[in-house]
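# Structural overview
Each chain is listed here by its residues.
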Amino acid sequence: MVKQDYSFITSEKEVLSLTAYGITDNINRCLIFVHGFQGFKDWGFGPYLGEYFASKGFFVLTFNFSHNGIGENPLVFSDLKKFAQNTYSREVRELSELINAYLSNYFGIVNQPKIGILGHSRGGAISLIASRNIKDVKGVALWASISYLDRYSERQKEEWKKKGFFEVMNQRTGQMMRIELPLLKDIEENGKNSLSIRKAVEELNRPLFIAHGEQDLAVPLKEAEEIYNWSDKKYTEFYKIPSAGHTFDIKHPFE
């Protein structure tokens, strides 16, 4: 199975680290995996996912958002300055540019493109928002996706503005990871319009697959139900996974 690493430069001169799986003469069936918050392309099931779907005939792209916190070591959160400056709009833009790069033959000649986007957790929301405006995306799959981006209380926002940052603990690494004001500004300016997940779902009008663990403590099952309620039922499949949590019992390192 052929795979290759790439460095893609965005319009803002940021670098997206990518791994492509299933490189052949025919890369028309493309599947792009979008990681979530505190995630990265090589976390847990990422490489396994790439290899599995490549074995089923897909050309698979996994990548790191430029500001996800991963530095030169692909497995370590070492660039916390960029992590602190990340925004939802940046991730939507970067995913959109990656999709357009594929369509522009960046990875090889594409004749009849069929693109599927698979997003986990926050990556599910980013996948929906980016796909709304790119008709070459033929379907979206959500794994444990969130249904709203504004996940902070008014009290948290007040403290955030007062301090200039908000801190979250990475439960796996024990790192305290800072989020600065650009993310909050993005929520307040764009949350009800360009970053509305509900609008993205209602306007998708393409196949949508929703998978969610019934024991997900990070993103409750009710968020998947909310996405399903917004969706066009003739295009949508909703699969609840009994006894599974947010990462479907997968750990990092992969077991």
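Read on for a plain summary of the structure.

The rules behind these values
- Residues numbered from 1 in each chain as written.
- Predicted model: local features only at pLDDT ≥ 70, side-chain atom pairs only at ≥ 80, totals over all residues.
- Heavy atoms only, no water.
- Buried < 20%, exposed > 50% of the residue type's maximum accessible area, 1.4 Å probe, protein only.
- Helix = DSSP H or I, 4+ residues; strand = E, 2+ residues; numbered from the N terminus.
- Pairing = 2+ DSSP bridges.
- Right-handed = clockwise from strand over helix to strand, strands pointing away.
- Polar contact = N/O pair within 3.5 Å; in protein donor to acceptor, adjacent residues only side chain to side chain.
- Contact = heavy atoms within 4.5 Å.
- Core = buried A, V, L, I, M, F, W, Y, C linked by side-chain atoms within 4.5 Å.

## Things to note about the pairing of strand β4 (residues 59-63)
- Burial within β4 is extensive, with 5 of its 5 residues counted as buried.
- Residues Phe59, Leu61 and Phe63 of β4 are buried on one face, and the alternating residues Val60 and Thr62, pointing to the opposite face, are buried as well.
- As defined by bridge partners, strand β3 (residues 29-34) adjoins β4 across 4 bridges and the pair is classed as parallel. Paired with isoleucine 32 across the two strands is leucine 61, which belongs to β4.
- Remark: the β3/helix α1 (residues 46-55)/β4 crossover connection has right-handed handedness.

## Points about the side chain of serine 231
- Take serine 231: it is sitting in the loop between α8 (221-230) and β10 (236-241).
- Of the residues examined, serine 231 reaches a relative accessible area of 7% and is grouped as buried.
- Side-chain polar atoms of serine 231 contact the backbone oxygen of tyrosine 228, separated by 2.7 Å.
- Setting aside residues up to four positions removed in sequence, serine 231 forms contacts with Val201, Leu208 and Thr236.

## Notes on the pairing of β3
- With 5 of its 6 residues buried, β3 lies for the most part within the structure.
- In the sheet, β3 pairs with strand β5 (residues 114-120) via 6 bridges, with the strands oriented parallel. Paired with arginine 29 across the bridge in β5 is lysine 114.

## Points about unusual backbone geometry
- At the junction of histidine 252 and proline 253, the peptide bond is cis and its omega measures out at 0 degrees in the coordinates.
- If you trace the backbone, proline 253 turns up in the segment after β10.
- Unlike most non-glycine residues, asparagine 105 shows phi in positive territory, near 70 degrees.
- With respect to the helices and strands, asparagine 105 occurs in the loop between α3 (88-103) and β5.

## Some points on the nonpolar core
- Core analysis: the largest hydrophobic core is formed by 76 residues, its most contacted members being Ile32 and Leu95.
- Considering each element in turn, this core owes the most residues, 7 residues, to α3.
- Leave out the neighbours within four places in its chain, and isoleucine 32 touches Leu61, Phe63, Leu95, Leu98, Ile99, Ile115, Gly116, Ile117 and Leu118.

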